[in-house]
Amino acid sequence: MQEQHTCNKRLVAIPEIAVIDEVKDEIREVKTFFMSFEDKEIENNFKIKSGQFIMCTVFGAGEFAVSLPSSPENDRFHISVRSVGKVTKALHDLKAGDKLGIRGPFGNGFPFEEIKGQNVIYVAGGIGIMPLRSSIVHVLQHRKDFGRIIVIYGARSPEDLMYQNDLKTWQAAPGFETFIAIDNPAPGWNGPTGFVNTLIGKANIPFENTIAFVCGPPVMFNSVIKELMDRGLSDDCIFSTLERHMKCGYGKCQHCAIGRTLVCTDGPVYTYRQIKTLGEVI
């Protein structure tokens, strides 16, 4: 497993106060919250790695784990959150100027330095693009260090496609290949239709010297993994994240244990080979 990377010991057990600078509506039930720390020392030294997560406290409601879509470099600190329960619904009621508690970042994160020189494939379904965004932006910021970079993304409808401005930027970026589809035809949609796995053949993905990052709902994940492996990609070259109901974030409570691994410290990023040995059902 990769080494866990945390920015500051103060942020492990005790939340630091962050002020919401802006709230952006993304898609139905999903908002993005841009924020900055009250303590400028924390703000200036807060470092993340793509694929990590934080623990976010909504005061008076509770705490929850959330992946970090921000790039480690030259990107505003933010989280994108779907309203699914008491705490996240309380978060969605907040506005600019309100305050949150932040602990972290926690976890190992996606590989970066060790995959330079390789082709990088991102496959996401629905809000599965959220934990991948950080790596996508980071790799694009270092475009010359990688081979082909391909983003394959699908959602139920045009209204369910996350990060619309980012998608336009990626589509216009030189040497950055994007394949975007929705499940079924819709008025005004001129792009491909069908499930995400059907785009893999259209993308003419290389399978030598290639790494794939996959995130999405179970049906999509399993069909994509099968498609990638049928075409020759090894299971140790496919990465994904395992989401569990985190409590502490640093391995003390063991609430996120799967067998002998703790998702909050050993993960949340695993290769598909590791996932299979865990006996985890995706």
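Our structure's up above, just so we're on the same page.
Residues numbered from 1 in each chain as written. Predicted model: local features only at pLDDT ≥ 70, side-chain atom pairs only at ≥ 80, totals over all residues. Heavy atoms only, no water.

A. Structural context of the overall build of the protein. A count of helical and extended segments in the protein gives 8 helices and 14 strands. Against the 2.2 N^0.38 benchmark of 19 Å for 282 residues, the protein shows a C-alpha radius of gyration of 18 Å, consistent with a compact globule. Once the C-alpha set of the protein is aligned to its principal axes, its extents read approximately 50 × 45 × 35 Å. Buried residues in the protein amount to 52% of all 282 residues. Summarising the internal contacts of the protein: among those between residues at least 6 apart in sequence, 70% fall at separations of at least 24. For the protein, the exposed surface amounts to about 12,800 Å²; the carbon and sulfur share of it is 50%. The averaged location of the 32 negative side-chain charges in the protein is 2 Å from the averaged location of its 31 positive side-chain charges. (Helix = DSSP H or I, 4+ residues; strand = E, 2+ residues; numbered from the N terminus. Rg over C-alpha atoms; globule rule 2.2 N^0.38 Å. Buried < 20%, exposed > 50% of the residue type's maximum accessible area, 1.4 Å probe, protein only. Contact = heavy atoms within 4.5 Å. Areas by Shrake-Rupley, 256 points an atom, 1.4 Å probe, with all protein chains shown as cover. Lys, Arg positive; Asp, Glu negative; His and termini not counted. Charge placed at Lys NZ, Arg CZ, Asp CG, Glu CD.)

B. Expanded view of helix α7 (residues 218-230). Relative to the 18 Å expected for 13 residues at 1.5 Å per residue, α7 spans 18 Å between its end C-alpha atoms, a close match to the ideal helical length. Turning to α7, its buried residues number three or more, namely M220, F221, V224, I225 and L228. Seen from one end, α7 has its buried residues packed into an arc of 125°, which puts them on one side. α7 presents V219, K226 and D230 as exposed residues on the side facing more than 90 degrees away from its buried surface. Contacts made by the buried residues of α7 are with β7 (119-125), α6 (199-202), β10 (210-215), β11 (238-241) and α8 (272-278). (Expected span 1.5 Å × (residues − 1). Arc of directions from axis to C-beta.)

C. Representation of the sheet that holds strand β14 (residues 269-271) within the structure. The 6 strands lie next to each other as β9-β8-β7-β10-β11-β14, forming an open sheet whose pairing is mixed. Since the sheet does not close on itself, it has two edges, and those belong to β9 (176-182) and β14, each with one partner. Put simply, the sheet's adjacent strands are angled 20° from each other on average, direction ignored. Note that β7 and strand β8 (residues 149-155) share 6 bridges and pair parallel. Bridging across to β8, G125 finds its partner in G154. Contacts from helix α5 (residues 164-172) reach β8 and β9, with the element oriented near 135° to β9. Sitting on the sheet, α7 is in contact with β7, β10 and β11, with an inclination near 165° to β10. (Pairing = 2+ DSSP bridges. Axes fitted to C-alpha atoms, helices over the stretch in contact; angles between N-to-C directions.)

D. Structural detail: the pairing of β10. The element β10 is extensively covered by neighbouring structure, given that 6 of its 6 residues are classed as buried. Alternating positions in β10 separate into two faces, T210, A212 and V214 on one and I211, F213 and C215 on the other, with burial throughout. Pairing between β7 and β10: 6 bridges, direction parallel. By the bridge assignment, I121 is partnered in β10 with A212. The sheet contact formed by β10 and β11 spans 2 bridges and is parallel.

E. The sheet that holds strand β6 (residues 99-106), seen in detail. Read from one edge of the open sheet, 6 strands run β4-β3-β6-β1-β2-β5, paired in antiparallel fashion. Every other strand in the sheet has two partners, leaving β4 (62-67) and β5 (78-82) as the edge strands with one partner each. Neighbour-to-neighbour, the strand axes of this sheet turn through a mean angle of 40°, independent of strand direction. In this sheet, β6 lies alongside strand β1 (residues 16-27) in antiparallel orientation, the contact comprising 4 bridges. Bridge assignment links A18 to a residue of β6, and that residue is L100.

F. Region of interest: the environment of R148. Here R148 is to be found in the loop between α4 (129-141) and β8. Take R148: its relative accessible area is 26%, and that puts it in the partly exposed class. Residues R148 and T210, 62 residues apart in the sequence, show an inter-C-alpha distance of 8.8 Å. In contact with R148, not counting residues within four places along its chain, are Q118, N119, V120, R143, E177, A203, N204 and P206.

G. Spotlight on the side chain of H92. Topologically, H92 is positioned in helix α3 (residues 86-92). Judged by relative accessible area, which is 11%, H92 ranks as buried. In this view, H92 contacts E29, V30, K31, F33, V81, R82 and S83; residues no more than four positions away in its chain are not counted.

H. Focus on the environment of N204. Here N204 shows up in the loop between α6 and β10. Placed 54 residues apart in sequence, N204 and I150 show a C-alpha to C-alpha distance of 9.9 Å.

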